[in-house]
Amino acid sequence: MTVQYDTRLRRWAISLAAGLFLIIWLVGMTGSLAASACIKERKNAEKKLRYCSISLSLWISPGDRNERTRIFLERAVALMKLGRMNEAKNDLRRAMQDAKGADDGSEEDIFTRLQLEGAQRLDFVRWIEGD
């Protein structure tokens, strides 16, 4: 009776561990693929917005601020293209907030990316600081 109970318990524990691993792996992989698509998508703002939102909703890596900053920036670009300026402003503020804590030039990267979209640095600073 005890050997059978130990075997069932062991199978249950292994199944539980494997299930948890697969769930965590699936969430991480989905978030990573969505982040990649968010950053690469240039033509369709709606798809870009969807990918960025999925990636941010599945974010499980609190230590990687650079990638999160980039995703907020790309989502803001998509929102600007769709004319949703208040939401874009919130995402840009979040990206700037994350970039200020980094010493790797992330803040300059934000300005460079926005210049690719036709934004002028001074106009951008006024826009994001104003309400």
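Residues numbered from 1 in each chain as written. Predicted model: local features only at pLDDT ≥ 70, side-chain atom pairs only at ≥ 80, totals over all residues. Heavy atoms only, no water.

What about the overall build of the chain?
Next up, step 1: Helix and strand content of the chain: six helices and zero strands.
Next up, step 2: Counting from the amino terminus, the chain carries its helices and strands in the arrangement α-α-α-α-α-α.
Next up, step 3: Counting every position in the chain, which comprises 131 residues, the buried fraction comes to 28%.
Next up, step 4: Looking at the chain alone, contacts between residues at least 24 apart form 56% of all its contacts between residues at least 6 apart. (Helix = DSSP H or I, 4+ residues; strand = E, 2+ residues; numbered from the N terminus. Buried < 20%, exposed > 50% of the residue type's maximum accessible area, 1.4 Å probe, protein only. Contact = heavy atoms within 4.5 Å.)

Examining the confidence of the model for the chain
Next up, step 1: Averaged over every residue, the pLDDT of the chain is 79; the share at 70 or more is 73%.
Next up, step 2: Summarising per-element confidence for the chain, the mean pLDDT is lowest in helix α6 (residues 121-129) (59) and highest in helix α2 (residues 45-57) (89). (pLDDT = per-residue confidence, 0-100.)

Let's talk about the pattern of salt bridges
Next up, step 1: By the definition in use, this model includes four salt bridges.
Next up, step 2: Between R75 and D91 there is a salt bridge, with the nearest N and O atoms lying 2.6 Å from each other. With R75 in helix α3 (residues 65-81) and D91 in helix α4 (residues 85-100), this pair connects stretches of sequence that are 16 residues apart.
Next up, step 3: Taking the relative accessible area as the measure of exposure, D91 reaches 6% and is therefore buried.
Next up, step 4: Here the salt bridges do not stand alone but share partners, grouping K48, R70 and E74 into one network. (Salt bridge = Lys/Arg side-chain N within 4 Å of Asp/Glu carboxyl O.)

Details of the nonpolar core
Next up, step 1: Ranked by size, the top nonpolar core spans 15 residues in total, and within it I71, L73, L92, A95, I110 and L114 carry the most contacts.
Next up, step 2: With five residues, the single largest contributor to this core is α3. (Core = buried A, V, L, I, M, F, W, Y, C linked by side-chain atoms within 4.5 Å.)

Focus on the packing of α3 against α4
Next up, step 1: Two numbers describe how α3 lies on α4: the axes approach to 8 Å, and their chain directions differ by 160°. Considering the angle they form, α3 stands roughly antiparallel to α4. Regarding α3 and α4, the two cross each other, and that crossing is left-handed. Together, R65, R68, T69, F72, L73, R75, A76, L79 and M80 of α3 and M85, E87, A88, D91, L92, R94, A95, Q97, D98 and A99 of α4 make up the contact between the two elements.
Next up, step 2: Classifying every residue of the contact of α3 with α4 gives ten nonpolar, two polar and seven charged. (Axes fitted to C-alpha atoms, helices over the stretch in contact; angles between N-to-C directions. Parallel < 35°, antiparallel > 145°, perpendicular 65-115°, else oblique. Left-handed = near helix turned anticlockwise from the far one by under 90°. Nonpolar A, V, L, I, M, F, W, Y, C, P; charged D, E, K, R; others polar.)

Here's the deal with the state of the cysteines
Next up, step 1: Considering all chains together, one arrives at one disulfide under this definition.
Next up, step 2: Across a sulfur-sulfur distance of 1.8 Å, C38 and C52 are joined as a disulfide pair. Taking the sign of the S-S torsion, about 80° here, the bridge from C38 to C52 comes out right-handed. With C38 in helix α1 (residues 2-40) and C52 in helix α2, the pair connects residues that are 14 residues apart, well separated along the chain. (Disulfide = S-S within 2.5 Å.)

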